[in-house]
Amino acid sequence: MSLTLLFVGAGPRTLGVLDRLSAHASATGAVVDVHVVDPHPAGAGRIWRADQHPLLWMNSRAADVTVLPDASSRLAGPVRTGPTLFAWIDAHRDELADGFARTGEEALRREVLAVREGTFVSRALGSRYLSWAWDRVVAQLPPSVRLHVHRTRVTDVRGAELQVVVLEDGTELLVDGIVLAQGHPDVVPGPRERSAREFADRHGLGYVAPGYTSDLGLTDDEDTLPPGRDVLVAGMGLAFVDLLVLLTQGRGGRFEDTADGPVYHPSGREPVLHVGSRRGVPYRSKITYVLDERPPLPRFLTADSLPADRVLNLRRDVWPLVAKELAGAHYAELFRAHAGRTSLDREEFDARFAAAAWGSPELDTLVAQAVPAAGDRFDLHRLDRPLDGWWAPSGAGVHERVRAHVAADVARRGDAGFSMDAAVFHALLSSYVAVAGLAHDGRLDDVSVAEVDGWWHGLFSYLASGPPPRRLAELLALADAGVVRFLGGDVRFTADEVGGCWTARPANSPDAVSATVLVDARLPEARVTASADPLLRNLSDREELRELGGGKLVVDPEQRLVHADGTVHPRRFAVGPWVAGGGWAAAFARPGLDAGFFRLNDRVARALLALAPARAPEVSVVAPRAASTAPSRRTPAAR
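One structure accompanies this document, and this report is about it. Because the structure is a prediction, the values reported are computed rather than measured.

**Some thoughts on the overall build of the protein chain**
- Broken down by element type, the protein chain carries 17 helices and 20 strands.
- Relative to the compact-globule value of 26 Å for 639 residues, the protein chain shows a C-alpha radius of gyration of 25 Å, a close match.
- Its C-alpha atoms give the protein chain principal-axis dimensions of roughly 75 × 65 × 55 Å.
- Long-range pairs, those at least 24 residues apart, make up 75% of the contacts in the protein chain with a sequence separation of at least 6.

**Details of helix H1 (residues 12-28)**
- Look at H1: 24 Å from first C-alpha to last across 17 residues, which is about the 24 Å you get at 1.5 Å a residue.
- Judged by how many residues are buried, H1 sits mostly within the fold: 14 of 17 residues are covered.
- In the segment just after H1, Gly29 is the residue with positive phi, at about 80 degrees.

**Describing the sheet that holds strand S14 (residues 492-496)**
- Pairing in this open sheet of three strands is antiparallel, and the strands run S14-S15-S16 from one edge to the other. Each having just a single partner strand, S14 and strand S16 (513-515) make up the two edges of the open sheet. On average, each strand axis in the sheet is tilted by 25 degrees relative to the strand beside it, whichever way the strands run.
- Alignment of S14 against strand S15 (residues 501-505), held across five bridges, turns out to be antiparallel. Note on S15: the bridge partner recorded for Arg492 is Arg505.

**Overview of the sheet that holds strand S9 (residues 230-234)**
- Strands sit in the order S8-S17-S9-S12-S13 across an open sheet of five strands; the sheet is parallel. The open sheet has two edge strands, strand S8 (206-208) and strand S13 (484-488), and neither has a second partner. Here the average twist between neighbouring strands, direction ignored, is 20 degrees.
- Sheet topology places S9 next to strand S17 (residues 517-520); four bridges connect them, and they run parallel. Pairing of Leu232 across the sheet is with Leu518, part of S17.

Thresholds, definitions, all that
Residues numbered from 1 in each chain as written. Predicted model: local features only at pLDDT ≥ 70, side-chain atom pairs only at ≥ 80, totals over all residues. Heavy atoms only, no water. Helix = DSSP H or I, 4+ residues; strand = E, 2+ residues; numbered from the N terminus. Rg over C-alpha atoms; globule rule 2.2 N^0.38 Å. Contact = heavy atoms within 4.5 Å. Expected span 1.5 Å × (residues − 1). Buried < 20%, exposed > 50% of the residue type's maximum accessible area, 1.4 Å probe, protein only. Pairing = 2+ DSSP bridges. Axes fitted to C-alpha atoms, helices over the stretch in contact; angles between N-to-C directions.

Have a look at this one:
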């Protein structure tokens, strides 16, 4: 009997699970109808769709992005490997350039001809890779798997065994299993955003609530963000980087490359951006060199090092081992590649380091003896909070301090003389996967699972998922041109009722800054109960999902949805960034690392194929409007 499955969302995660489902079905002959529902193009989905501003870049080097398994992937069943983003571009470079020339996309034509392994490509070009990968997965579907793509939305789903799926046009599909893979749904404004909007409207002020920057239309919106106007910006993460690009180059400004770095020439349409955040500095720059020998990982954060007789707490039980893993990788690389900057025998240091507890006086004494230069020592607190406890008598002093920090960070992250940073990066990746595995396996308490998506994910993103160095060099140029002013850390952005304005008060100086416009340059808080997605909202209203304190969906170790009462729905699965503890929620994987991204996709695909059909095979669509869908087995979604 055939099986009918449905994916809500057509982005990279669905692409990955469909690839593994296809591989297993090819080996077993399983007969499956697969419905994929998304109003956006299949493969790329909403976030990675092609019609984004060409100035918006992907956040990883072209050689470090893959959406298909590679030779390192250890998966059950057949493994069909695919190229990285760079390998795909390199193999199709002339063909892509000719295609862009024919469609008049000159910027993409020039870009594709210039891409190298270390290039950070535009999202518009990355979208083409995802569309190609989708087409390839579809072309490899065995005859027993039939694909139906619906360019609409799912509004509701009901049922325990046979699932009734309601589409936006009223069509109802009957399916045996469902995967929620919506990616990043919009959220409705919360109390903070509603209060800010009411204050802004009452005083005639400008306010931009959290959102996906590419969707906000800020490039041409000079009513909300007028040229020359002082604007307060809360947040210095990746959404801030996108905002910066759209309000400067996107408004006609240009950068001139010089021997001392880029120089910005304003168009006159830019606002003046006063930016601050909790840390007060942007995410750390991406590392631009390749480590020639990766540290042995994991070494300290292993299964044997964790208590096996109780549920674990992230801060108490796991964090000391994570910190030691990072420091261990740092010092292993320092002694391996830069032994001349150490003053102790490598084997002696290694043995004493392994025996000392993280944060102990013994460890501090060892490092002081073995590493003479402070810049070569691993200082996790200073790395995380570089402005903590620092004070300047004026805002000008803070601005100069942050500018110097950014310049030093860009220089260091491009200097293989500090290859310890690259070793720490690999240790972070290893630890991130390990912590996500603990959450996935039910080893962490609920508070810790929420913190996996909170401070731990935030630390990882700050240290390992920062912007390309070019973007930070441009930030420095914008600061020099007077377009950007740095406020510092622990900034409090408040609504000043007396002054009728927005005010920013940093912790690093006595100077406050007021303005008539506030931009909350942070991604929307992922709270399921505040989702604008109608399906998530309906499931939440019926208590057919559970939300952790961090606002994300709770799933069991098989990725099945957990209800509010703790029961598990046997036929509903969820994957992606809105799933609690989802350390493998990224849209892509890094090649050569046996990425957990692919193992999770494989596990979900096998669980779906293990479901028993819950209805007669000839009944799958129960509404006459089903003709509005686009069924196909061998063709990709319409673009």
